[in-house]
Amino acid sequence: MENQTYQNVTGKNERHETLKIRFIKFLKEWTHVVLWLLANLIFWLVVYFEYENGPEYYYIRLLAGKSLPFAKACAACLNLNSMLIIFPVCRNLISFFRGSVNTQACCKRSVRRLLDKNLVFHKTLAYVIVLFTLGHINAHYFNFQHLYNAKVYPESEIERTLSSLSYGQPDTWVNPVQGATKTGYGLGVIQQVLTRVAGWTGVFITIALLLMFTSATEFIRRSYFETFWFTHHLFVVYYAFLIAHGSEGIIRYQTNVDEHDPTFCADYPGSWPEMKECKTEPLFSGGESTSWKWVIAPLIIYFIERIVRFYRSIQTVTITKVKQL
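Computed from a predicted structure; not experimentally measured.

Conventions adopted
Residue positions within a chain follow its written sequence, with the count starting from 1. Local features in this predicted model are restricted to residues whose pLDDT is 70 or higher, and side-chain atom pairs enter the listing and the counts only when it is 80 or higher, whereas totals over whole chains, interfaces and linings include all residues. Only hydrogens and water are set aside when side-chain values are computed; all heavy atoms of the structure are taken into account. Elements are defined by DSSP. Helices are runs of H or I of four residues or more, strands are runs of E of two residues or more, and each kind is numbered from the N terminus. Here the term buried applies to any residue with accessible area under 20% of the maximum for its type, exposed to any over 50%, and partly exposed to those in between, with areas from a 1.4 Å probe on protein chains only. Contacts are assigned to residue pairs with any non-hydrogen atoms lying within 4.5 Å of each other. To be clear on the numbers: accessible area is Shrake-Rupley with a 1.4 Å probe, and residue cover counts the displayed protein chains and nothing else. Between the rings of Phe, Tyr and Trp (Trp by its six-membered ring), a pair exists once the centres lie within 6.5 Å; its type follows the angle of the planes, with under 30 degrees stacked, over 60 edge-to-face, and the other angles tilted. Patches in this entry comprise residues that are over 30% relatively accessible and not in a salt bridge; like charges within 9 Å are linked, as are nonpolar side chains (Val, Leu, Ile, Met, Phe, Trp, Tyr) within 5 Å. Criterion for a salt bridge: a side-chain nitrogen of Lys or Arg within 4 Å of a carboxyl oxygen of Asp or Glu. Defined by distance alone, a disulfide is two cysteine sulfur atoms within 2.5 Å. Here the nonpolar core consists of buried residues drawn from Ala, Val, Leu, Ile, Met, Phe, Trp, Tyr and Cys, with membership extended through side-chain atoms lying within 4.5 Å.

Trainee: Break down the overall build of the protein chain for me, with residues and values.
Mentor: The number of helices and strands found in the protein chain is 14 helices and two strands. Here the protein chain, with 325 residues, has 34% of them falling under the buried criterion. For the protein chain, the proportion of contacts with a sequence separation of at least 24, taken over those separated by at least 6, is 74%. Carbon and sulfur atoms form 64% of the exposed surface of the protein chain, whose accessible area is close to 20500 Å².

This is the structure:
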């Protein structure tokens, strides 16, 4: 009886230790992934609700529609992941950190194993970038369609008023669709998109991303490595146009919310001059481009990485000994 009780206690202790070891292993291997996913989720939600609830974005949200916060939230996560995706391919940087980790210290061996999975993380980031790109493009398609309709086919007085604000001054207009005419088959929207910096740079970004992503499949890499290698260097095009993408600032925010409350004045666009709360017309400013702030540091690090690679490639290698196994 005592022997059976001892065996039961021993079995429970062994199962407990096994679960403990598995849990610790899970934390070591997946903590960074969980933190990365949480960072994306929190960042997406913060930006989304900033554009969804911010009074300074009330008028542009009224014209562009509910898809505007979604597009901006996806863009924010694109910047975050476009910054991170460079680091896993910095081989010398990875080797430096891997070599500086003491395998005998606590958790250090797990850190080295994570560093060895740098390309797995790089591929995962690529999938996420494609996902956010699709969300960003589709949301902005609806945004520009709504902006075009507000200019050409206004359904309310406030749409007509906002779309007719003077384009001659940099702080008076809010609708980026200007000089639009009634055309069929969506050609008018396409024309307006391509005349904007955000539009044509977005086309180049998408093409570069599409070529890099499709040529990175296992079949292409194994059978046509040169194709994979050359198309992957389109990252230069991707980052160049990503930095320029938001430079025009066509998503505009109101700068005088205190003098002109949009949530109140939007209901009385025809009476703005007579109303004390709306006597001052709304003034707007273009949003600042932020992509360069996210990617400039990783690009500099990668540039240094390529210099180190080039220096090592021109070094003379001397064979001192050959041993047959």
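Trainee: Lay out the packing of aromatic side chains with the relevant residues and their values.
Mentor: A ring pair, where both rings are aromatic, is described by two values, the distance of the centres and the angle of the planes. Inspection of the entire model under this criterion finds 24 aromatic pairs. Ring centres 5.3 Å apart and planes at 85 degrees place the aromatic pair Tyr127 and Phe213 in the edge-to-face group. One end of the pair, Tyr127, is in helix H6 (residues 118-152); the other, Phe213, is in helix H9 (residues 197-214), with 86 residues separating them in the sequence. Classification of Phe213 by relative accessible area gives partly exposed; the value is 29%. Ring centres 5.1 Å apart and planes at 90 degrees place the aromatic pair Tyr238 and Tyr239 in the edge-to-face group.

Trainee: Quick one: what's the story with a nonpolar patch on the surface, residue by residue and with numbers?
Mentor: On the surface, a nonpolar cluster with roughly 830 Å² of combined accessible area is contributed by Trp30, Val34, Leu35, Leu38, Leu41, Ile42, Leu45, Val46 and Phe49. Looking at where Leu35 falls in the secondary structure, it is placed in helix H1 (residues 2-53). The class for Leu35 is exposed, based on a relative accessible area of 53%.

Trainee: Outline the state of the cysteines, supporting the account with residue identities and numerical values.
Mentor: A covalent bond between the sulfur atoms of two cysteines is what we call a disulfide. Per the counting criterion, the structure on display carries one disulfide. Cys265 shares a disulfide with Cys278; S-S distance 2.0 Å. Disulfide Cys265-Cys278: torsion about the S-S bond near -95 degrees, hence left-handed. Taken together, the residues span a long stretch of sequence, with Cys265 in helix H13 (residues 262-265) and Cys278 in the loop between H13 and strand E2 (284-286) at a distance of 13 residues. Neither Cys265 nor Cys278 differs from the other in exposure class; each is buried. We note that Cys77 lacks a disulfide partner, and the nearest cysteine sulfur, in Cys74, lies 7.0 Å from it.

Trainee: Which residues make up the nonpolar core, and what values go with them?
Mentor: Residues Tyr59, Leu162, Tyr238 and Tyr239 are the most contacted members of the largest nonpolar core, which totals 54 residues. Apart from the residues lying within four places of it in its own chain, the contact partners of Tyr59 are Ile158, Leu162, Gln254, His260, Pro262, Cys265, Ala266, Trp272, Pro282 and Phe284.

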